[in-house]
Every structure is written in C-alpha cells, then in structure tokens.
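# A structural walkthrough
Each chain, written out:
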Amino acid sequence: SSQRVSFHAFNRTGTYIVRLQVKDSNGIMDSDETTAIISNMSKVPELIIENITGPIGIHSIVSNKGCIDAKNVDWQLIVHGGLFNQIEGYDCGSISCIKQKCCYEIVSYELSGVGFVDVTVYVRANNMNQISRRCFGFLIGQYFLPIIN
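Residues numbered from 1 in each chain as written. Predicted model: local features only at pLDDT ≥ 70, side-chain atom pairs only at ≥ 80, totals over all residues. Heavy atoms only, no water.

## Some points on the overall build of the protein
When helices and strands are tallied, the protein shows zero helices and 10 strands. Listing every helix and strand of the protein by position from the N terminus yields β-β-β-β-β-β-β-β-β-β. Taken against the 2.2 N^0.38 rule, which gives 15 Å for 149 residues, the C-alpha radius of gyration of the protein at 23 Å runs more than 25% over that of a compact globule. Along the longest, intermediate and shortest principal axes, the C-alpha atoms of the protein span 70 × 40 × 20 Å. (Helix = DSSP H or I, 4+ residues; strand = E, 2+ residues; numbered from the N terminus. Rg over C-alpha atoms; globule rule 2.2 N^0.38 Å.)

## Looking at the packing of aromatic side chains
A complete count under the given rule lists one aromatic pair for this structure. For the pair phenylalanine 116 and phenylalanine 138, a centre-to-centre distance of 4.9 Å together with 75° between the ring planes defines the contact as edge-to-face. Placement of phenylalanine 116 in strand E8 (residues 113-124) and of phenylalanine 138 in strand E9 (residues 131-141) is noted, with a sequence separation of 22 residues between them. Phenylalanine 116 sits in the exposed class, given a relative accessible area of 59%. (Phe/Tyr/Trp six-rings, centres within 6.5 Å; stacked < 30°, edge-to-face > 60°. Buried < 20%, exposed > 50% of the residue type's maximum accessible area, 1.4 Å probe, protein only.)

## Quick notes on the sheet that holds strand E6 (residues 87-98)
Pairing between the strands of a sheet is mediated by backbone hydrogen bonds and can be parallel or antiparallel. Here we have five strands laid out as an open sheet, ordered E6-E5-E8-E9-E10, and antiparallel in their pairing. Because the sheet does not close on itself, it has two edges, and the strands there are E6 and strand E10 (143-148). With direction set aside, neighbouring strand axes in the sheet form an average angle of 30°. (Pairing = 2+ DSSP bridges. Axes fitted to C-alpha atoms, helices over the stretch in contact; angles between N-to-C directions.)

## What to know about the pattern of salt bridges
Under the criterion given, the structure shown has three salt bridges. Between arginine 19 and glutamate 33 there is a salt bridge whose closest N-O contact spans 3.0 Å. One end of the pair, arginine 19, is in strand E1 (residues 14-23); the other, glutamate 33, is in strand E2 (residues 29-38), with 14 residues separating them in the sequence. Between arginine 134 and aspartate 118 there is a salt bridge, and its shortest N-O distance comes to 2.5 Å. In this pair, arginine 134 is assigned in strand E9 and aspartate 118 in strand E8, connecting sequence segments 16 residues apart. For arginine 134, a relative accessible area of 48% corresponds to the partly exposed category. (Salt bridge = Lys/Arg side-chain N within 4 Å of Asp/Glu carboxyl O.)

## Remarks on the nonpolar core
Core analysis: the biggest nonpolar cluster contains 24 residues, and Leu47 and Val123 have the highest contact counts within it. Broken down by secondary-structure element, the contributors of at least two residues to this core are strand E3 (47-53), strand E4 (58-64), strand E5 (70-81), E6, E8 and E9. With five residues, the single largest contributor to this core is E5. (Core = buried A, V, L, I, M, F, W, Y, C linked by side-chain atoms within 4.5 Å.)

## Considerations on the sheet that holds E4
With antiparallel pairing, the three strands of this open sheet are ordered in space as E3-E4-E7. With one partner strand each, in any of the chains shown, E3 and strand E7 (103-108) form the two edges of the open sheet. Going from strand to strand, the sheet's axes swing by 20° on average, the running direction of each strand aside. As judged from the six bridges shared by E4 and E7, these two strands associate in the antiparallel manner. Across the sheet, the residue bridging to isoleucine 58 is serine 108, located in E7.

Below is the structure:
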C-alpha cells in the first residue's frame with residue numbers, strides 16, 4: 001500500500017510471510033520481513049446500537065457490522081425519570097437472527113409519561129458481551145424527543 005498507515009486482516013488460519021517496505025521523505029528505502037502464524041480465527045458478531053430516537057415510541061437500530069450472523073439476540077429498554085420521577089419503564093424482546101451487514105429496529109410503544117427521561121438500551125447475543133447505549137430526552141405521552149444521544 002502507498003498509504004501512511006496500512007493494515008491487513010487475514011481471513012484464514014495459516015503461516016504467512018509478511019514483508020514491509022518503507023520509504024522516507026528523502027527517498028531512502030528499507031524493508032524487512034517476518035513470519036506471521038494465524039492460529040485462531042474466532043468470529044463473533046459485531047453489534048452496534050445506533051441512535052435512540054422517536055418521535056412516536058422509542059426506537060433504536062441494532063446493526064451487525066461483523067462477518068457472521070448474530071443469533072439469539074436479546075434486548076432491553078429501560079426508562080427512568082419524568083416529572084417527579086414517576087416514570088420507571090421497561091420493555092424487552094428477542095431477535096432470532098441479525099444477519100451480517102444488516103440491522104434490526106427495536107421499537108417500544110409500552111412507555112409513556114411526561115418529563116425528562118434517561119433511556120438505556122441493552123443488547124446481548126450468543127458469543128458476545130452485552131453492549132449498551134444511553135440517551136437523555138423528553139417524553140410527552142408516547143412522544144419521545146431525544147436531547148443528548
């Protein structure tokens with residue numbers, strides 16, 4: 001590569017010869033090589049919780065940026081706050097599969113109230129740690145307006 005910062009990702013186990021050649025601003029070149037042994041190619045989904053949005057209900061997109069499907073995906077949505085802290089809401093669900101490079105929209109119409117709220121979405125799938133995303137917003141009935149996402 002002719003880029004200043006270069007990388008390569010191996011997609012199979014094996015033994016590879018890696019060569020690096022560099023050239024400085026004065027045109028002086030040098031090179032070296034080494035052997036890379038790639039022995040473990042554990043593949044896991046790479047889920048990302050996109051922005052938490054409204055306007056009717058609370059919505060969030062879960063994207064799988066990984067190279068394998070995410071299976072048995074569980075999600076939870078927790079809401080706290082409101083006028084006089086009267087809102088303590090919870091919703092959850094399961095998604096059998098989010099294919100690689102695809103997404104799924106989580107939608108909750110179960111929560112309502114009035115006031116500023118703290119919303120957290122949690123997602124967990126087989127073979128991956130739990131991830132979360134937090135958002136602050138304003139809830140009026142079932143209408144949600146995110147303020148800090």
